[in-house]
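Here are the chains, one letter per residue:
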Amino acid sequence: MSGCVIFDDDEVFVDNTQQEINEEPTQKRKRVGKTRSNCWKSFEKIFIDGVRHGKCKWCERALKADGNNTGTSSLNKHANNCKKKPENLKNQQTLQFKKEPTGEGSVSTWKHDDKRIKKAMLNLFVVGGLPFKFIENEAFIEYTNALNGKVIVPCRTTISKKVSLYYQEERNKLVTFLCNPLNTIHLTTDCWTSPSKRVHYIVITAHFIDDNWEMHKRIINFKELDSQRGEDIGKEVLKCIQGWGIKNVMTCTVDNACSNDKAIEFLKNKLPNLYNEGKHFHIRCMAHIINLIVRDGMNKNDESVKCLQDAVRYIRKSTQRIALFKKCMKAVGVESTKFLCNDCPTRWNSTYDLLKIAVDLEKAFYEYEMEDRSFARDVVTPVSEDFVTCRAMVSFLEKFKVKTELVSTTSKPLVNRFFGEVCGIYKHIRVWSKNKRFYSIGKDMIDKYEKYWGDFENLNDYMYFATILDPRMKTEFLRHAFETLIKYKMPENKPLSELDITAKTKSLIKDIESRFENFFNCYNTNSNVPFETGGSQDAVHIDDDDDFVGDYFAQSVNSSASKETELTRYLNEGQTQGVKDFDILVWWKNNASRYPILSRMAKDLLGIQISTVASESAFSTSGRIIDSYRANLSAPIIEALVCTQDWVRKSKKPIVDNIDDILKDDDIAKELEDAIRTQNGNGKRPIDINE
């Protein structure tokens, strides 16, 4: 007989234990009705000699409960007194062996904590992205019981409701921080269209540095969007800001779509208290600009690159050719864990990957040409000169790949490195343009570079300010960068003298320092820290009615007093020596007492994002949630899943599975909407996911 299933309002208990029957009943068994007593939560129903018994789940003792002569009173009594039942072991501790990372072990006490276990199980399903029906899998139940037989596994409906409460609890914590007007928030946003639902979505990510000088990112919005028009995007971002109660938004980073430019203009007109009327509010995604620069250069189809692309496509066209090429790799002794890959015309980095792998397999191509007679007939086979050119192309593109990967990180500040990286890209293009093979490619790249980063005066001031607040750089680095770029840009037929270059550089530095001082004064005006931080002087009291003499003494004291502002003291100090793995947040944390105003500026500026990768990465998760099998997921559930996974996931590994479609439950979605509406109001109801 198969195991029984016992239901209650919140949980499901599955019994897969074989029934114990000593011998077959000699008479026809009476039909047993539904077990109604709560004591059956702790017992399994079995039959011994045709008589119903209850077998304790904890100590496996069998008690008679036939419903005629013997009721369930004995079961209730045993359930209340069973020494192995989890509820009766709250104060009892167990010894456990703990293995240290060093390999050594120790013995410590362990106590069954049902709340902690439920929280860990919930975290498993949220962070791991496991489908909720997995909790009812027989193998999972068996595994859980083997680890801890005291654990009662809930049903999937219960775990889905707990996830919605988990989202509300984490959101409640985040609301408290984001709505604080003393905390500066930076936003990144991007749009996406679900291929399964054909619905537009917008994701908004908040970035900030907390009081412990740690950098954070949190996805705070994943909503359906009526259209990707600029005004609609701007309205949704504004609605998100107001919904979370965010008071201080400093920047918004977007890609280079025209609709985003209109969205930024809409926000600048609606958001109050933007510095310099929002002139520096718009941050363009550096990764997208790098992509545009390289794509313009790659449009110049080099014959050697095209030759290798055609050869790879030919080989990958059939399984027989692939098998033959692998045989050729072994024949020439080429050992590689990677194999030929195709590229995508719209993604230059895929072309880079194709070339990088192909040039390492040069000998295998020569061997393959000898084995496959159709190869030379159908395509132009690559020769030694082609591999030389493609190897140089790989070296040229390597720089852009490294830069793209660098600006894609969100775990540490990068805005202070922005100007230096931009200068490095320009220098890289100029150097390689001197090679005849790359002259036309470099020319197109420089034209695109000049469009976005060529004008020093139109570059976002926050990029300059962050560079100055890097103690390794300050204004000295700006001076060096300007001098170098001016020399690169000056026409060969009209070269500038060293005096002209120096004068132009000084003028640029002076303008930036003036704007930086104005920015500093904005912080100083709103700060309780006195602007003058130099040595203090005693007040001068002149017991004389002669105002002329009093004015003289006052002027004398003021002129001789040593007045040094916090800003000038920082700029006049020597630069910090560049060290490997320098952490600028740690430096400012340690020097916050010396520079109280500048440290506040650094905390706000260093949180600026120079790419939208943080928001774009949300689409990899959402693409797995909103697939063709879950096209009916409600909007609140989708947002809860995407946001909660981002908030609690500690691993950088991608989600390995999908969330179960149980979450399309409209009742749970309605509960989420009501809870969020409550949080957005004046009061926030307390939430306990362990209830």
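Residues numbered from 1 in each chain as written. Predicted model: local features only at pLDDT ≥ 70, side-chain atom pairs only at ≥ 80, totals over all residues. Heavy atoms only, no water.

*Asks:* With reference to specific residues and values, describe the overall build of the chain.
*Replies:* For the chain, the count of helices and strands is 26 helices and 12 strands. A total of 691 residues make up the chain; the buried ones form 45% of that total. Restricting the contact set of the chain to residue pairs at least 6 apart, pairs at least 24 apart contribute 69%. As displayed, the chain has an accessible area near 37800 Å², and 47% of this comes from carbon and sulfur atoms. (Helix = DSSP H or I, 4+ residues; strand = E, 2+ residues; numbered from the N terminus. Buried < 20%, exposed > 50% of the residue type's maximum accessible area, 1.4 Å probe, protein only. Contact = heavy atoms within 4.5 Å. Areas by Shrake-Rupley, 256 points an atom, 1.4 Å probe, with all protein chains shown as cover.)

*Asks:* Requested: an account of the sheet that holds strand 9 (residues 200–209), with residues and values cited.
*Replies:* Here we have five strands laid out as an open sheet, ordered 10-9-8-11-12, and mixed in their pairing. Because the sheet does not close on itself, it has two edges, and the strands there are strand 10 (215–225) and strand 12 (282–284). Averaged over all neighbouring strand pairs, the angle between strand axes comes to 25°, with direction disregarded. Where strand 9 and strand 10 come together, 10 bridges link them in antiparallel fashion. Each residue of the ladder has a partner; that of Tyr-201, found in strand 10, is Glu-224. Together, strand 9 and strand 10 form the strand contacts of helix 25 (residues 635–648), whose direction differs from that of strand 10 by roughly 165°. (Pairing = 2+ DSSP bridges. Axes fitted to C-alpha atoms, helices over the stretch in contact; angles between N-to-C directions.)

*Asks:* Break down the packing of aromatic side chains for me, with residues and values.
*Replies:* The description of an aromatic ring pair uses the distance of the two centres, along with the angle that the planes make with each other. Inspection of the entire model under this criterion finds 35 aromatic pairs. Members of the aromatic cluster, each reached through a chain of ring pairs, are Tyr-314, Phe-325, Phe-339, Phe-365, Tyr-366, Tyr-368, Phe-375 and Phe-387. In this arrangement the basic side chain of Lys-326 is found over the ring face of Phe-339, its NZ or CZ atom lying 5.3 Å from the centre. If you follow Lys-474 out to its NZ or CZ, it ends over the ring of Tyr-570, 4.3 Å from the centre. (Phe/Tyr/Trp six-rings, centres within 6.5 Å; stacked < 30°, edge-to-face > 60°. Lys NZ or Arg CZ within 6 Å of the ring centre and 35° of its normal.)

*Asks:* Any chance you could break down the sheet that holds strand 3 (residues 43–48) for me, citing the residues and the numbers?
*Replies:* Taken together, three strands build an open sheet; the order of strands is 3-4-5 and the sheet is antiparallel. Lying at the two open borders of the sheet, with one neighbouring strand each, are strand 3 and strand 5 (62–64). Each strand axis lies, on average, 35° off the axis of its neighbour in the sheet, ignoring direction. Sheet strands in contact with helix 1 (residues 73–81) are strand 3, strand 4 (51–56) and strand 5, and its direction is about 150° off that of strand 5.

*Asks:* Help me get a handle on the pattern of salt bridges, residues and values and all.
*Replies:* Scanning the entire structure with this criterion turns up 25 salt bridges. Measuring nitrogen to oxygen at the nearest pair gives 3.2 Å for the salt bridge that ties Asp-310 to Lys-306. One end of the pair, Asp-310, and the other, Lys-306, are both in helix 8 (residues 303–315), four residues apart, so they sit about a helical turn from each other. With a relative accessible area of 26%, Asp-310 lands in the partly exposed category. Among the residues examined, Lys-306 registers a relative accessible area of 41% and is labelled partly exposed. Connected through shared salt-bridge partners, Arg-229, Glu-231, Asp-232 and Lys-235 make up one network. (Salt bridge = Lys/Arg side-chain N within 4 Å of Asp/Glu carboxyl O.)

*Asks:* Would you mind going over the pairing of strand 4 in detail, with residue names and values included?
*Replies:* Most of strand 4 sits out of view: five of its six residues are buried. Relative to strand 4, strand 3 is paired through six bridges, and the arrangement is antiparallel. Along strand 4, the bridge assignment pairs Lys-45 with Gly-54. Linking strand 3 to strand 4, which pair antiparallel, is a turn of two residues; within it Asp-49 sits at a positive phi near 55°. With three bridges connecting them, strand 4 and strand 5 associate as antiparallel partners. Each bridged residue has a counterpart across the sheet, and for His-53 the counterpart in strand 5 is Lys-64. A loop of five residues connects strand 4 with strand 5, the two strands running antiparallel in sequence, and Glu-60 in this loop sits at a positive phi of about 65°.

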